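# Structure at a glance
Here is what each chain is made of, one letter per residue.
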Amino acid sequence: MTASLPPPPASGAPAPRPPNALKRFFDGDVWHSFTRSPFAMVAAFVALCCLVCALFANWIAPHDPFDLSALELMDSRLPPAWIEGGSAKYLLGTDDQGRDLLSAIMYGARISLLVGVASVILSMIIGVGLGLLSGFVGGKVDAFIMRICDVMLSFPSILIALLIDGVGRVVFKDAHESLAFAVLILAISLTGWVQYARTVRGSTMVERNKEYVQAARVIGVQPMAIMWRHVLPNVTGPVLVLATLQVASAILTEATLSFLGVGVPPTSPSLGTLIRIGNDFLFSGEWWITIWPSTMLVLITVSVNMLGDWLRDALNPRLR
């Protein structure tokens, strides 16, 4: 006995709607690769915890480390709560000003993440734009942009960031705190755009000779429209991987600048500033002042780097 087939849809019945973007994502190869990689899941969990603690520090942190009226100098340099002499009020101890280290780390991580993500976005905008232009136009434009990249790569990125940040501080001596953050973000961005430009240039030179680009030229599409509408969507894979890895690098660069005393303003200390403060007391026995901010910095950078490595493998079919 044969099974009966379902009746055909009525002539006036609406056609089934295609799945939305969220459903396509969960049914795609990237999500499947993520659920099959324990390292990626652990890294995502750690990165998410750090991000939640940073973004919601105002509600999660037990104290406000920037409220001067609440600081108690008598509570300065207290050890963690589980060590003799510690206080249950300060789980991870206090720094030299009596600030709760747990709360200071949460607020400091928010500043570090803000500077890191903002600088990566600016670097990506500059680098992707110049890389598209260089790879698509070619000729003298390509040679000029690539020579600038060669000059930038010939100097250590931290020295370029120090130079730009120092010049900005001299030019804007009495700048507001927000302008100081802008100078720092610009200093880090101008050292990171080169990788995006070189990566996008190579991918663009491959894409510009393909049939869909030639077809767009034949029907009279403007070159600028071809770059942004047709070529750019096909070169975003390497850019996303590079951006994920660059977030960790930008956070480390900001921490280095703050450790050297030329980063974020002292009134808004980041993780690098907290590490620098704790370094002065490391050999006097107050190890917790520098160890806990350093641990938070390591967790953020390692988890983001692990996610970047997984994303690189997930977006490259040859590495699956």
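What you see is a predicted model; the values in this text were computed from it and never measured.

Here the focus is the overall build of the chain. Within the chain one finds 14 helices and 0 strands. Ordered by position from N to C terminus, the α and β elements of the chain give α-α-α-α-α-α-α-α-α-α-α-α-α-α. For the chain, the residues scored as buried account for 38% of the 320 residues in total. Of the contacts formed within the chain by residues at least 6 apart in sequence, a portion of 70% connects residues at least 24 apart. Total accessible area computed for the chain in this model is approximately 18100 Å², and 67% of it derives from carbon and sulfur atoms.

Quick look at the nonpolar core now. Of all hydrophobic cores here, the largest spans 50 residues; its most connected members are Ile 105, Val 115, Leu 132, Val 231, Leu 271, Met 296 and Ile 300. Top contributing element to this core by residue count: helix 5 (residues 101-137), with 11 residues. The contacts of Leu 271, once residues within four sequence positions are left out, are Ile 105, Gly 108, Ala 109, Ser 112, Pro 293, Met 296, Leu 297 and Ile 300.

This brings us to the confidence of the model for the chain. For the chain, per-residue confidence averages 82 on the pLDDT scale, and residues scoring 70 or more make up 88% of the total. Mean pLDDT in the chain bottoms out at helix 1 (residues 21-26), which sits at 66, and peaks at helix 3 (residues 38-55), which reaches 91.

Another point: the pattern of salt bridges. As enumerated under the stated definition, the model contains 7 salt bridges in all. Of the charged contacts in the structure, one is a salt bridge between Arg 198 and Asp 150, with a shortest N-O distance of 3.4 Å. One end of the pair, Arg 198, is in helix 9 (residues 193-207); the other, Asp 150, is in helix 6 (residues 139-153), with 48 residues separating them in the sequence. Asp 150 sits in the partly exposed class, given a relative accessible area of 34%. For Arg 312, the salt bridge identified is with Asp 309, shortest N-O distance 3.9 Å. Here Arg 312 pairs with Asp 309, and both are found in helix 14 (residues 288-315), just 3 residues apart, close to one helical turn. On the basis of relative accessible area, Arg 312 is assigned to the partly exposed category, the value being 40%. Residue class for Asp 309 comes out partly exposed when judged on its relative accessible area of 32%. Taken together, the shared-partner salt bridges connect Arg 147, Asp 150 and Arg 198 into one network.

Analysis parameters
Residues numbered from 1 in each chain as written. Predicted model: local features only at pLDDT ≥ 70, side-chain atom pairs only at ≥ 80, totals over all residues. Heavy atoms only, no water. Helix = DSSP H or I, 4+ residues; strand = E, 2+ residues; numbered from the N terminus. Buried < 20%, exposed > 50% of the residue type's maximum accessible area, 1.4 Å probe, protein only. Contact = heavy atoms within 4.5 Å. Areas by Shrake-Rupley, 256 points an atom, 1.4 Å probe, with all protein chains shown as cover. Core = buried A, V, L, I, M, F, W, Y, C linked by side-chain atoms within 4.5 Å. pLDDT = per-residue confidence, 0-100. Salt bridge = Lys/Arg side-chain N within 4 Å of Asp/Glu carboxyl O.

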